[in-house]
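Analysis of the macromolecular model
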Amino acid sequence: MSTQLHTFHAIAFAENFSKKEMAAYVSTVRAGIHELRSDLGEDGEAFLYPFGVVVFRDTPPERRDRELVRLRRAVPTLTPEVVREDFTVEEAPGSPISVDAGVLRLNQLSPDRAGIVALTVAQSAAMEYYERIVEALFARLRGLVAELGRRGTVPLRVRPLHRFIAEAIETRSEVLSILHLLDKPDAVWDDSGMDRIYADLRAEFDLLDRYEALESKLRAVQEGLELVLDVARDRRLVLLEVAIVALIVFEIVLSFT
């Protein structure tokens, strides 16, 4: 068998997929541990993940476009894709497993190994989507802190801060929910080659370090917002105390008239 190149193309969306939506899209189904797989015949296959990512293996661009049209029929509320990521696998007889210059080299790409590659590429695409969200939250926090430094205080209205905190907490919960996706799949334990592939791919995409950075930034955003909210509450309390003192003085003045 000669050397073959396989391309994995991941597309991440803002929405997660329900089982019903996944079943409506996938026609020829092979259920994996984390995904549903659809056989596209000569055009490869598609992997659909519940965390909002579809991965195509060896699928020409025009067929991918048609499949995305089908996916949007199955999920009418689907927004435009937010992240695209490609990865190449080189399959060659006798080749040792290695990752070099962004290419995974191995001796055989079995269906199970293809599933491991697709899962890791999907995780990386999902991670990039969350990284963009968290960076936007962090930028908004920097704006609030800069305003606090310039004015020495914050606006009296705390409702926007409450909404911001709720958004940060919701995002952190969603990011934490993908932690189980970083667990080693059961199939890896039965194949030392798959174990090596999974370890090399996680290192190539830097998944664990990226996840820890995301969690750290989200924690910083939440703590920063709580500090800003404390400043706003302190200001409201001071104004309340001033108002109470003013009312007492006013009552005393009225008692002498």
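Refer to the structure printed above.
Residues numbered from 1 in each chain as written. Predicted model: local features only at pLDDT ≥ 70, side-chain atom pairs only at ≥ 80, totals over all residues. Heavy atoms only, no water.

1. Quick word on the pattern of salt bridges
Inspection of the entire model under this criterion finds 14 salt bridges. Measuring nitrogen to oxygen at the nearest pair gives 2.9 Å for the salt bridge that ties Arg 63 to Asp 43. With Arg 63 in helix α2 (residues 61-74) and Asp 43 in the loop between β3 (36-39) and β4 (45-49), the pair connects residues that are 20 residues apart, well separated along the chain. Residue class for Arg 63 comes out buried when judged on its relative accessible area of 17%. Measuring nitrogen to oxygen at the nearest pair gives 3.4 Å for the salt bridge that ties Glu 90 to Arg 105. Within this pair, whereas Glu 90 is found in strand β6 (residues 83-91), its partner Arg 105 is found in strand β8 (residues 103-106), the two being separated by 15 residues in sequence. A residue is classified by how much of its surface remains accessible, and Arg 105, at 23% relative accessible area, is partly exposed. Counted as one network, the salt bridges with shared partners bring together Arg 37, Glu 45, Arg 57 and Asp 58. (Salt bridge = Lys/Arg side-chain N within 4 Å of Asp/Glu carboxyl O. Helix = DSSP H or I, 4+ residues; strand = E, 2+ residues; numbered from the N terminus. Buried < 20%, exposed > 50% of the residue type's maximum accessible area, 1.4 Å probe, protein only.)

2. Considering the nonpolar core
In this structure, Phe 8, Val 55, Leu 104 and Val 117 are the most contacted members of the largest nonpolar core, which totals 49 residues. The element best represented in this core is helix α3 (residues 111-151), accounting for 15 residues. With residues near it in sequence (within four places) discarded, Val 55 still touches Phe 8, His 9, Ala 10, Glu 45, Ala 46, Phe 47, Tyr 49, Ala 118 and Ala 122. Among the nonpolar cores identified, the runner-up in size contains 17 residues, and Phe 13, Val 26, Leu 48 and Phe 56 belong to it. (Core = buried A, V, L, I, M, F, W, Y, C linked by side-chain atoms within 4.5 Å. Contact = heavy atoms within 4.5 Å.)

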